[in-house]
Amino acid sequence: MAKRISVVVSQGQSQHPAKRGLEEDIVAALLFEHGIEVTVIPHLYDLRPDGTGILALQGIGGDMIVLSWLYERAARWTLDRYGIRGQIGETLIKPADDSDDDDEEVDASADDSGDGKERVIDQRELPKRKIYCIDLRVHDTVQPYVDEIKRITTEVRTQVVGLMNWIGGSPKPDQLQRFLNPANTTGIGGNGSHGNGTAAANGNGAGDSVSDAIEHTEPAQPVRVQEESGRRWYPVIDFSRCTNCMECIDFCLFGVYGVDNVETILVEQPDNCRKGCPACSRVCPENAIIFPQHKTPAIAGSPEISGGLKIDLSLLFGAPDGKESAVEIAARERDEQLVLAGRDVVGLTVGIPKRQSDKAQAPKDEIDDLIDGLDDLDL
């Protein structure tokens, strides 16, 4: 049986005609691509944990391509929050700033692995499937997305053929051709496929009916998930960067964070978060907290910085003039929300001390010396 690829199109929050047009053009183009199942959901970030959108995503068991109006990292960890996990599928569609200097780009996982810190993801065993997250804001035309989906689909099927060869099940040429270019009826039956073929009921014999279906079936229609959900605001944790230091739970005074049964940080009460407030992301020492809808790219999940960067990120995180540190901005934002909630301000007196400050610090390296030198210049 041919390997089918699930493509999920996450709609934008607004009804902007250009966005809706791009989404629908992608869906329409994919209907004619064999072996692809298309699911259209409301905006990924806004889905409710018990809603039909999350249930539909949790029901997809194989490789998945997710197109959304979010940074790739934000989309991946929003999915992770609901238990939708897999290996990272690499896509060639990248934001301009992320692709201009490919030779100089620092891989975040490689950077993290050399600092001696244990990340939450190190304790996880991910499913073998791959999840590819594609940012719909990169291109304003449909063809780059369709071409990339076709490239990924061919890559996945080729890998499966390689596995078949490795285990001694080399397919015949005609079988290989049907596998790499399956008909839309492939896999129709009791497997939950979204296809609409009914060949077995129409032909005189099994062989004739399958042949007729391959020749005459119309493109499979997409599954469209309907869910009423307003715009949401809550933090998403990137566990490939998170060290479980708990500084976010110390800092947040609105009960957003908690821990699971193995004492790992989690976003326990997402709707307790104060809309528009990203303060906890600023105090996270590993830049592991994402607010996908924030206007500042570094907070919204941009890949432009790697975990554990040892410089003051005030400007990157949106300080208007660079005079405030990231922590000072965070304390001010938190105080503003406390006032709006009818509570007293706390400034820098609560949640600021580092929970792990009593631990021995690693010896300074050349980068630390360089940063110290820049600080001394008082630029």
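Residues numbered from 1 in each chain as written. Predicted model: local features only at pLDDT ≥ 70, side-chain atom pairs only at ≥ 80, totals over all residues. Heavy atoms only, no water.

A.B. asks: Any details on the environment of Lys275? Residues and values, ideally.
C.D. replies: Its place among the elements puts Lys275 in the loop between strand S9 (265-267) and helix H11 (279-283). Residues Lys275 and Gln337, 62 residues apart in the sequence, show an inter-C-alpha distance of 9.0 Å. (Helix = DSSP H or I, 4+ residues; strand = E, 2+ residues; numbered from the N terminus.)

A.B. asks: Before we move on, could you go through the side chain of Asp46 and cite the residues and values that matter?
C.D. replies: For Asp46, the location among the structural elements is in the loop between strand S2 (36-41) and helix H2 (52-58). The contact partners of Asp46, leaving out residues within four places of it in the chain, are Gln13, Ser229, Gly230, Arg231 and Arg232. (Contact = heavy atoms within 4.5 Å.)

A.B. asks: Describe the confidence of the model for the protein, naming the residues involved and giving the relevant values.
C.D. replies: Taken as a whole, the protein shows an average pLDDT of 78; of its residues, 66% reach a score of 70 or greater. The low-confidence segment residues 355-360 (pLDDT under 50) makes seven contacts with residues lying over four places distant or belonging to another chain. (pLDDT = per-residue confidence, 0-100.)

A.B. asks: A description of empty space enclosed by the protein should follow, citing residues and the corresponding values.
C.D. replies: Where empty space is left in the structure can be found by rolling a water-sized probe over the atoms. Using the criterion set out here, one finds four cavities of 30 Å³ or more in the structure. Considered as a void within the structure, the largest cavity measures approximately 120 Å³ in volume. Cys252, Phe254, Cys277, Ala279 and Cys280 are the residues nearest the centre of the largest cavity, which is lined by 15 residues in total. In terms of residue class, the lining of the largest cavity is built from 13 nonpolar, no polar and two charged. (1 Å grid on protein atoms, 1.4 Å probe; cavity = no way out; pocket = protein on both sides within 12 Å on 5 of 7 lines; lining within 4 Å. Points joined across faces, edges and corners; volume = space filled by probe spheres on them. Nonpolar A, V, L, I, M, F, W, Y, C, P; charged D, E, K, R; others polar.)

A.B. asks: Before we move on, could you go through the nonpolar core and cite the residues and values that matter?
C.D. replies: Core analysis: the biggest nonpolar cluster contains 47 residues, and Leu44, Leu57, Leu79, Tyr257 and Ile265 have the highest contact counts within it. For this core, the secondary-structure elements that each account for two or more residues are H2, strand S3 (64-68), helix H3 (72-81), strand S5 (130-135), strand S7 (236-237), S9, strand S10 (289-290) and helix H12 (297-300). When residues of this core are assigned to their parent elements, the largest contribution, four residues, is made by H3. In this view, Leu57 contacts Val8, Ile41, Leu44, Leu47, Met64, Leu79 and Ile84; residues no more than four positions away in its chain are not counted. Membership of the second largest hydrophobic core comes to 21 residues, among which are Ile5, Val40, Trp69 and Tyr132. (Core = buried A, V, L, I, M, F, W, Y, C linked by side-chain atoms within 4.5 Å. Buried < 20%, exposed > 50% of the residue type's maximum accessible area, 1.4 Å probe, protein only.)

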